[in-house]
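Commentary on secondary and tertiary structure
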Amino acid sequence: MGLQLASNPAWATFPVSLFGLGLAFGTLPAAAMMRRWGRRAGYVLGALKGILGGAVAALGIFSGSFKVFCLGTFIAGLYSSYVQSYRFAAADAAEGEMKTRAISRVMVGGLIGAIVGPQLVIWTRDALPPPFVGSFLSQAILPMIAIPVLLMLRTPRAEQAAQGIDTGRPLLEILRMPRYILAVATGVVSYGVMAFVMTAAPVAMVKQGYGVDNAALGIQWHLLAMFGPSFFTGRLMARFGKERVTAFGLVLLAGSGAVALSGAALSNFWGSLALLGVGWNFSFIGATAMVTDCHTPAERGKAQGANDFLVFGVTAIVSFLAGSVMHSAGWVVINWAILPALALMLVPLVWQASRAKVAP
């Protein structure tokens with residue numbers, strides 16, 4: 001829709017970027033709201049924003065307005081700022097090594113979404129004129145389905161005890177912790193690299209002449225690779241350690257760039273996207289688990305909110321840059337550009353992994 005509605009091809013990825021921007025801007029208010037009123041109230045409010053976002057985006061397509069469509073994707077990003085903290089809610093309800101498994105189990109939901117989401121677009125894109133109005137209206141319906149489930153959520157006692165009694169260390173003190181810095185930086189790089197490449201990949205495939213259907217299929221395989229490993233990621237981290245699995249994820253992200261640079265066949269695109277998904281799963285779940293080790297129950301709102309603000313703020317920036325870089329420099333430059341950031345993160349992470357104890 002960005003390609004269809006934007007007057008300049010360089011702005012084609014701007015709606016995706018605004019989604020990421022809404023996600024980033026929404027993280028700190030969402031964290032503050034849930035710290036004050038609890039996760040259940042926050043998640044229901046977020047779902048209402050999801051309904052509004054889908055409706056506004058559909059209105060933008062119906063009226064042919066790029067600006068209204070972008071507003072809809074921005075509101076949908078605000079909804080996603082609540083959804084992204086589901087993984088932290090799962091970790092908060094678990095103890096010890098079960099934290100990583102709880103995070104992984106929540107991320108399995110993304111596997112279902114990777115199948116249902118693209119198919120829903122296909123089934124509904126021509127349901128109402130013009131094309132894709134029905135798709136974004138169906139996006140508005142999905143949060144409605146989530147609300148009854150969210151209403152069943154009960155806040156863990158530890159969180160209830162922390163509310164209104166002790167706020168823990170100041171955020172600046174948490175931000176100075178070396179382990180927290182490493183965890184957040186790893187999350188920023190892993191998610192940023194994934195978004196940078198994934199945003200540009202469909203455009204690159206279409207420009208190479210493989211068509212929209214092949215591009216969509218490549219993204220669907222990428223999404224399956226992103227969330228499929230969640231069935232065993234938690235177990236791998238319990239066995240080998242969070243840092244080792246996270247570092248291996250970054251290596252896989254670099255491997256995706258190497259596959260993309262080795263040729264322009266359709267198999268190169270799909271193979272690169274698959275490796276990109278698996279690498280993201282290991283590195284991002286690992287970074288999330290590392291964040292949960294850096295705060296007390298009273299500090300979780302500020303520590304988790306700051307992490308997501310930084311991760312998704314950078315992601316919003318790089319997803320916007322992906323469109324411009326792809327338009328001006330091409331697919332090869334996109335994949336060369338990710339390697340320095342990955343190498344920069346691997347050094348401290350491997351050092352930390354060498355000092356970490358693992359299960360026998």
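The following paragraphs examine the structure supplied in this document.

**Quick notes on the side chain of His222**
Within the secondary structure layout, His222 lies in helix H11 (residues 211-227). Relative accessible area serves as the criterion here: at 0%, His222 is assigned to the buried category.

**Quick look at the pattern of salt bridges**
Applying the stated criterion across every chain, the model contains five salt bridges. Asp308 is paired through a salt bridge with Arg87; the nearest N and O atoms lie 2.8 Å apart. Of the two residues, Asp308 sits in helix H15 (residues 300-328) while Arg87 sits in helix H5 (residues 86-92), which places them 221 residues apart along the sequence. Where Arg169 meets Glu299, a salt bridge forms, and the shortest distance between an N and an O atom there is 2.9 Å. Placement of the pair is Arg169 in the loop between helix H8 (157-162) and helix H9 (171-175) and Glu299 in the loop between helix H14 (266-292) and H15, with a sequence separation of 130 residues. Look at Arg169 and you get partly exposed, because its relative accessible area is 24%. A cluster of three or more residues bridged by salt bridges with shared partners is formed by Arg179, Lys242, Glu243 and Asp293.

**Regarding helix H7 (residues 133-150)**
Its 18 residues give H7 an end-to-end C-alpha distance of 27 Å, which sits within 8% of 26 Å, the value for a rise of 1.5 Å per residue. Where H7 is concerned, the buried positions are Val133, Gly134, Ser135, Phe136, Ser138, Ala140, Pro143, Ile147 and Leu150. Next to the buried residues of H7 lie helix H3 (39-63), helix H4 (66-83), H5 and helix H6 (98-124).

**Topic: the packing of aromatic side chains**
In total, this model carries 12 aromatic pairs according to the counting rule given. With 5.2 Å between their ring centres and 85° between their planes, Phe69 and Phe136 make a pair best called edge-to-face. Of this pair, Phe69 sits in helix H4 while Phe136 is found in helix H7, placing the two residues 67 residues apart along the sequence. Assigned by exposure class, Phe69 and Phe136 land together as buried. Among the aromatic residues, those joined into a cluster by ring pairs are Tyr191, Phe227, Trp280, Phe284 and Phe312.

The rules behind each value
- Residues numbered from 1 in each chain as written.
- Predicted model: local features only at pLDDT ≥ 70, side-chain atom pairs only at ≥ 80, totals over all residues.
- Heavy atoms only, no water.
- Helix = DSSP H or I, 4+ residues; strand = E, 2+ residues; numbered from the N terminus.
- Buried < 20%, exposed > 50% of the residue type's maximum accessible area, 1.4 Å probe, protein only.
- Salt bridge = Lys/Arg side-chain N within 4 Å of Asp/Glu carboxyl O.
- Expected span 1.5 Å × (residues − 1).
- Contact = heavy atoms within 4.5 Å.
- Phe/Tyr/Trp six-rings, centres within 6.5 Å; stacked < 30°, edge-to-face > 60°.

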